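# Inside the fold
Residues per chain are reported as follows:
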Number of protein chains: 2
Amino acid sequence: MNIKEVARLAKVSTATVSRTINGSDKVTAKTAERVRRAIETLKFYPNTNARALGSGRSSLYGLIISDITNPFFPELVKSFEDIAVQFGQEVLIANTNYDPHRMEVCVSRMLQRKVDGVAIMTSEMDERLIDELNSRSIRMVFLDTGKPQKGISNIAIDYASGIDAAVEHLSALGHTSIGFICGPMQLTSARTRRRAFIQSLKRKGLLLDNQLIEEGNHRMDGGHEAMLRLLGKNPRPTAVLTSNDMMAIGAIGALGEHGLKVPRDISIIGFDDIELGAFTQPALTTVRLSRPEIAKVAFRALYDAKDDATAMGAEFTIQPTLIERKSTGPAPKHRA
Amino acid sequence: MNIKEVARLAKVSTATVSRTINGSDKVTAKTAERVRRAIETLKFYPNTNARALGSGRSSLYGLIISDITNPFFPELVKSFEDIAVQFGQEVLIANTNYDPHRMEVCVSRMLQRKVDGVAIMTSEMDERLIDELNSRSIRMVFLDTGKPQKGISNIAIDYASGIDAAVEHLSALGHTSIGFICGPMQLTSARTRRRAFIQSLKRKGLLLDNQLIEEGNHRMDGGHEAMLRLLGKNPRPTAVLTSNDMMAIGAIGALGEHGLKVPRDISIIGFDDIELGAFTQPALTTVRLSRPEIAKVAFRALYDAKDDATAMGAEFTIQPTLIERKSTGPAPKHRA
DNA sequence: CTGTTAGCGCCTTCAG
DNA sequence: CTGAAGGCGCTAACAG
């Protein structure tokens, strides 16, 4: 089953079939209709591989993420796909599993499939692999990594503004002793969030107590343990910001075990706004880093520049926003 | 950059390059080595589209799921990919979003990309689409849907045994009044789980109180509300099974709001064993439906039969297993 | 507006 | 064991 059989049935040339499939406007409505009917009755599906080979365009966009089981990513993947579909493009997803070697494999797959562009949503990226992509004129877009260059765009997250909003919120509730559970310090994004927190305290004229910054692993258990350590401090913070929601959820669990009520005894604010956060007990106040927005910007960064792959990349900025739910409240009057 | 340039550099024909790329054993080790070096220095990546077109095999396997943001799926996707990679195959993921129309789109993508087989892990499937696939000799494997046929395998979940284990566990703890929060009744799998629960009670000689079966939506909020309804019943159950973990988590939240302790006042058992369950407060006792196992069986069902696509499909059975954590305990002596 | 005809890059007989 | 050459299904000039 191929274009030729369709052509025969519709009594036109293969070129005309190709044209109507691709929505060319230089086909009479009548001929096009005939072709479409032939396609219908033959249940013909154009061969993507042949299309890509013939045209040079794959209509495929790569999306490289760290780990699909990390709750941050599924929504990103879904949104990216939705947008791609809207534009008639397809998505090739690849996981690095946080492993530099696998990143190599991922890039290799992108190269072999001749993607038209690739969104690299992991925090680290090998310079050599970038060159590999670059030398084949494949546009890239990164998430919060590096500066725009020829063919490379970047999506910057304005962590400062998001964390400022969180600190402001706590400050307005009367909190002055605010702790922070940061992510693993080898992650650029974790370092950035931590820095944003410190600077935010300064800006608000709040006391920075280095004791109240604990490191976690961006997972629930890490948040749990970090919170336990924080509870041992004296004075203990009345509110805690975390570098991501998973740790916030873990922290709330730790508090529960110690008979502490959130937000009565301690307020908690997460970061990311994963879906789960709306359903925890209490619902998590958090700083939303909108995945749909990131996905949309990433795709457009690639797609809109598809015709001049070597054009200068742009820098886009995403503003996180505070989502007030139930895990924050007035600072307790008396210390436990 | 193509096979021709590699051939020129290595001073062989394109056929020889093709052969060494494909690991044919009829190439001298020395020639192969020379070719590989040429590939290396040229940084040549074979064009997948051309390969598929030329060979007729795409080395691509489709994986159709309902929704990547449903926590059941990411691990399945990951495992499926891992296995595929081990066998040098690639995976094309498609989401239906629970929408029959999107299922059509998904199948269409599979057809256009000429997948070598497709794992359909959604609960419902259109007969017509199956024929579409079947008529093109594309092997399929379903999850707990229908019977094996020519070219179609099925992975059956032994719900009965999993739920039996859960009921047995509760029974041994002294529970006699056991409630059930079932999934949306339009889902086949939800109906099956419900039926398994009812039959399990019978087998154990436990009382079946229809009042104690409430319907949820397989999400946290549904579990939350169903549990609230269950709390209004008299007598109230001392233990509750849920059709999936998300609802169990929601149920635990509802209990917390009412000042009830799990498992002191009520025991809860989930189903699926999503990663999250290990981190809830308390950690969730659940019936594990191993996604890695499902993924492995699904892939093998497709891959092992790749050479005779019309061979009869097989039926595979997956045994769920009870994972005892902290959300179950002895039945309370006194009723609240 | 429609048909003709080269490729696209690789695989795969078929010879040698 | 290696090379030559046709073909996979479609697209994209180029004619007409």
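Residues numbered from 1 in each chain as written. Chains lettered and ligands numbered in written order. Predicted model: local features only at pLDDT ≥ 70, side-chain atom pairs only at ≥ 80, totals over all residues. Heavy atoms only, no water.

## Observations regarding the interface of chain A and chain B
- Of the residues lining the interface, 43 residues belong to chain A; the matching set on chain B comes to 43 residues.
- Here chain A packs against chain B, burying approximately 4,200 Å² in sum over the two surfaces, 51% of which is carbon and sulfur.
- Broken down residue by residue, the surface that chain A buries against chain B is led by Tyr45, Asn49 and Arg113 of chain A, which jointly contribute 17%.
- In this structure, the connection of chain A to chain B is made through 8 salt bridges.
- Residues Arg109 of chain A and Glu90 of chain B are paired through a salt bridge, measuring 2.5 Å at the closest nitrogen-oxygen approach.
- Put simply, chain A and chain B have 14 residue pairs in polar contact (both at pLDDT 80 or more) between them. (Contact = heavy atoms within 4.5 Å. Buried area = accessible area lost by both parts, 1.4 Å probe. Salt bridge = Lys/Arg side-chain N within 4 Å of Asp/Glu carboxyl O. Polar contact = N/O pair within 3.5 Å; in protein donor to acceptor, adjacent residues only side chain to side chain.)

## Some words on the domain arrangement of chain A
- What the domain assignment lists for chain A is domain 1 (3-46), domain 2 (57-157 + 291-319) and domain 3 (159-288 + 322-334).
- A separation of 34 Å is found between the C-alpha centroids of domain 1 of chain A and domain 2 of chain A. (Domains from an automatic or database assignment.)

## Remarks on the layout of surface pockets
- Quantified by volume, the second largest pocket comes out at close to 1,500 Å³.
- For the lining of the second largest pocket, the elements supplying multiple residues, two or more each, are helix H6 (100-112) and helix H7 (127-134) of chain A together with helix H2 (14-21), helix H3 (29-42), helix H4 (48-55), helix H5 (72-86) and strand E2 (90-95) of chain B.
- A total of 7 residues in the lining of the second largest pocket trace back to one element, the largest contributor, which is H6 of chain A.
- Residues belonging to the lining of the second largest pocket are distributed by class as follows: 15 nonpolar, 15 polar and 14 charged. (1 Å grid on protein atoms, 1.4 Å probe; cavity = no way out; pocket = protein on both sides within 12 Å on 5 of 7 lines; lining within 4 Å. Points joined across faces, edges and corners; volume = space filled by probe spheres on them. Helix = DSSP H or I, 4+ residues; strand = E, 2+ residues; numbered from the N terminus. Nonpolar A, V, L, I, M, F, W, Y, C, P; charged D, E, K, R; others polar.)

## Side note on the protein's contact with DNA strand D
- If you check the shell around DNA strand D, you find 26 residues, and the closest are Ile3, Ser18 and Arg51 of chain A together with Arg19 and Thr31 of chain B.
- The protein-proximal atoms of DNA strand D, defined as those within 4 Å of the protein, are 68% sugar or phosphate.
- A distance of 2.8 Å is found between a phosphate oxygen of DNA strand D and a side-chain nitrogen or oxygen belonging to Arg57 of chain A.
- A distance of 2.8 Å separates a phosphate oxygen of DNA strand D from a polar side-chain atom of Thr16 of chain B.
- Looking at the surface near DNA strand D, the elements with two or more residues in it are helix H2 (14-21) and helix H4 (48-55) of chain A together with H2 and H4 of chain B.
- Broken down by element, the residue count for the surface near DNA strand D peaks at 5 residues, all from H4 of chain A.
- Among the residues forming the surface near DNA strand D, the class breakdown is 10 nonpolar, 11 polar and 5 charged. (Near = heavy atom within 4 Å.)

## Some details on the relation of the copies chain A and chain B
- When chain A is fitted to chain B, the residual RMSD is 0.1 Å, and the transformation amounts to a turn of 180° plus an axial shift of 0.1 Å. Accordingly, the operation relating the two chain copies is best matched by a two-fold axis. If distances are taken from each C-alpha of chain A to the rotation axis, the shortest is found for Asn49 of chain A, at 2.3 Å.
- When you check the interface residues of chain A against chain B, 100% turn up at the interface there too, and the contact is symmetric in its surfaces. (Least-squares fit on C-alpha atoms with pLDDT ≥ 70 in both.)

## Structural notes on the environment of Ala52 of chain B
- Topologically, Ala52 of chain B is positioned in helix H4.
- With 63 residues separating them in the primary sequence, Ala52 of chain B and Val115 of chain B have C-alpha atoms 9.9 Å apart.
- Every residue in contact with Ala52 of chain B, bar those within four places of it in the chain, is listed here: Asn49 of chain A together with Arg57 and Ser58 of chain B.

## Quick look at the pairing of strand E1 (residues 60-65) of chain A
Residues and elements named next belong to chain A.
- Within E1, 6 of the 6 residues are buried, which leaves the element mostly enclosed by the surrounding structure.
- Side chains Leu60, Gly62 and Ile64 project from E1 onto one buried face, and the interleaved Tyr61, Leu63 and Ile65 project onto a second face that is buried too.
- Bridge analysis of E1 against strand E2 (residues 90-95) gives 6 bridges, and the strand direction is parallel. From the neighbouring strand, Ile64 faces E2, where its bridge partner is Ala94.
- Regarding the hand of the β-α-β motif, the stretch spanning E1, helix H5 (residues 72-86) and E2 is right-handed.
- Summarising the sheet, E1 and strand E3 (residues 117-120) pair through 4 bridges and their orientation is parallel. When the bridges of E3 are listed, Gly62 appears paired with Val118. (Buried < 20%, exposed > 50% of the residue type's maximum accessible area, 1.4 Å probe, protein only. Pairing = 2+ DSSP bridges. Right-handed = clockwise from strand over helix to strand, strands pointing away.)

## What about helix H10 (residues 220-231) of chain B?
All names here are of chain B.
- With 12 residues, H10 ought to run about 16 Å at 1.5 Å a step, and its terminal C-alpha atoms sit 17 Å apart, in line with that.
- All of the buried residues along H10 are Met220, Gly222, Gly223, His224, Ala226, Met227, Leu230 and Leu231.
- Tucked into the core, H10 has its buried residues touching strand E6 (178-182), strand E7 (213-215), strand E8 (239-242), helix H11 (245-257) and strand E9 (267-272). (Expected span 1.5 Å × (residues − 1).)

## Focus on the protein's contact with DNA strand C
- The environment of DNA strand C is formed by 25 residues, the closest being Arg19 and Thr31 of chain A together with Ile3, Ser18 and Arg51 of chain B.
- A share of 65% of the atoms of DNA strand C within 4 Å of the protein falls on sugar and phosphate groups.
- Residue Arg51 of chain B places a side-chain N or O atom 3.2 Å away from a phosphate oxygen belonging to DNA strand C.
- Those elements that provide at least two residues to the surface near DNA strand C are H2 and H4 of chain A together with H2 and H4 of chain B.
- Residue contributions to the surface near DNA strand C peak at 4 residues, all from H4 of chain B.
- The class makeup of the residues in the surface near DNA strand C is 9 nonpolar, 11 polar and 5 charged.

## With respect to the pattern of salt bridges
- Scanning the model with the defined rule gives 42 salt bridges over all chains in all.
- For the salt bridge of Glu90 of chain A with Arg113 of chain B, the shortest nitrogen-to-oxygen distance reads 3.0 Å. Placement of the pair is Glu90 of chain A in strand E2 and Arg113 of chain B in the loop between helix H6 (100-112) and strand E3 (117-120), with the two residues belonging to separate chains.
- Among the residues examined, Glu90 of chain A registers a relative accessible area of 14% and is labelled buried.
- A relative accessible area of 5% places Arg113 of chain B in the buried class.
- Of the charged contacts in the structure, one is a salt bridge between Asp304 of chain A and Arg300 of chain A, with a shortest N-O distance of 3.0 Å.
- Taken together, the shared-partner salt bridges in this structure form one network comprising Glu33, Arg36 and Arg37 of chain A.

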